[in-house]
Amino acid sequence: MRIDILTLFPGMFTGPLTESIVKRAQAKGLVDIHLTDMRDFAHDKHRTADDRPFGGGVGMVLRPAVVFDAVQSIPREPQAKVLLTSPQGRVFDQKYAVELSEETQLVFICGHYEGIDERIKDLVVTEEVSIGDYVLTGGELPAMVMVDSIIRLLPGVLGKAESPLQDSFYEGLLDYPHYTRPEEFQGLSVPTVLLSGNHAEIARWRRKQSLYRTLVRRPELLDKAPLTPEDRRWLAEFDPAFARSYN
Ligand code: 4G4
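Please read these numbers as outputs of a predicted model, since none were measured by experiment.

Asker: Teacher, can you tell me more about the side chain of S86 here?
Answerer: Looking at where S86 falls in the secondary structure, it is placed in strand β5 (residues 81-91). We classify S86 as buried; its relative accessible area is 12%. The residues contacting S86, other than those within four sequence positions of it, are E128, V129 and S130.

Shown next, in the form of structure tokens:
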């Protein structure tokens, strides 16, 4: 997979892209990340990338020619997805991450100022994407978040032990609690079932914990999660209201 990131602040990416798993994925040749400084495509001697909004109002707008020329400078396959990070976009989630991890080329445009000239969306953007309902000073952090979650899904990036199949969202539920040594810590002990060696019993306990947490913290996730008849029985035991609406 090739990933291009178009930004006014390429320096922001040095940390996240040069450490840990993302670094290893690049070293293994599983992903090829290119940064483009959009300011290189400004035409004046001050390298101005923004301008005042037509119609008046506060703030500045990212100029279309700067973004357009930056996008055109990239060797782009016809099927490449061009993503604009913005609060107006489709909300990014694990399902969206899986979809994007199946592409061969992604181009991220990091928006700034009050926004980007709308014509860029008409001309080059294939999807507008948001990491959640909050406002940031720029689209760089959203691009990093998405790149990280996409890269870890690429075949060969994670080892078997850290497999994406183990992810809490893989089954559409929240994760179960984890414990490691010692068996007792500050007066708190590990649930005995985890020490039993009974793997079937441990799997059932974990599933039940996942269901209970999801019911309490994120009940809306249960609408989409694939649930077995046993899951539904447990949920009904936890919450009689669940029994009424889901059984
Ligand atoms: C595009 C338009 C993304 C980009 C406006 C970007 C939050 C997200 C930006 C803006 C962003 C998100 C300045 C509001 C940059 N903020 N939720 N800011 N703004 O994914």
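Asker: It is not clear to me how the pattern of salt bridges should be interpreted in this structure. Could you clarify?
Answerer: Two side chains of opposite charge can pair, provided their charged atoms sit close to one another. Using the criterion set out here, one finds 13 salt bridges in the structure. K121 is the salt-bridge partner of E118, the closest N and O atoms lying 3.0 Å from each other. Here E118 and its partner K121 are both found in helix α5 (residues 118-123), three residues apart, which amounts to about one turn of the helix. Under the relative-accessibility criterion, E118 is labelled partly exposed at 46%. K121 sits in the buried class, given a relative accessible area of 17%.

Asker: It is not clear to me how unusual backbone geometry should be interpreted in this structure. Could you clarify?
Answerer: In most cases, non-glycine residues show a negative phi, while peptide bonds are predominantly trans. In this structure, P182 follows R181 across a cis peptide bond, with omega equal to 0°. Examined against the element boundaries, P182 turns out to sit in the loop between α6 (140-151) and β9 (184-185). A positive phi is found at Y113, a non-glycine position, where the angle reads about 55°. On the secondary structure map, Y113 appears in the loop between β6 (105-110) and β7 (115-116). Residue class for Y113 comes out partly exposed when judged on its relative accessible area of 29%. One non-glycine residue, Q186, lies in the positive phi region at around 50°. The topology assignment puts Q186 in the loop between β9 and β10 (188-189). A relative accessible area of 70% means that Q186 is categorised as exposed.

Asker: How should I be thinking about the site of the ligand in this particular structure?
Answerer: Close to the ligand lie 16 residues; Y113, I131, G132, Y134 and L136 are nearest. Between the ligand and I131 there is a distance of 2.8 Å, counted from an oxygen atom to a backbone nitrogen or oxygen. Among the elements that make up the shell around the ligand, the one with the highest residue count is β5 (three residues). Among the residues forming the shell around the ligand, the class breakdown is seven nonpolar, eight polar and one charged.

Asker: Looking at this structure, how should I read the environment of D231?
Answerer: Assignment of secondary structure puts D231 in helix α8 (residues 229-238). Between the C-alpha atom of D231 and that of D167, which follows or precedes it by 64 residues, the distance is 19 Å. In this structure D231 touches R207, L211 and P226, once residues within four positions along its chain are discounted. Of note is the side chain of D231, whose polar atom sits 2.7 Å from the side chain of R207.

Conventions used here
Residues numbered from 1 in each chain as written. Predicted model: local features only at pLDDT ≥ 70, side-chain atom pairs only at ≥ 80, totals over all residues. Heavy atoms only, no water. Helix = DSSP H or I, 4+ residues; strand = E, 2+ residues; numbered from the N terminus. Buried < 20%, exposed > 50% of the residue type's maximum accessible area, 1.4 Å probe, protein only. Contact = heavy atoms within 4.5 Å. Salt bridge = Lys/Arg side-chain N within 4 Å of Asp/Glu carboxyl O. Near = heavy atom within 4 Å. Polar contact = N/O pair within 3.5 Å; in protein donor to acceptor, adjacent residues only side chain to side chain. Nonpolar A, V, L, I, M, F, W, Y, C, P; charged D, E, K, R; others polar.

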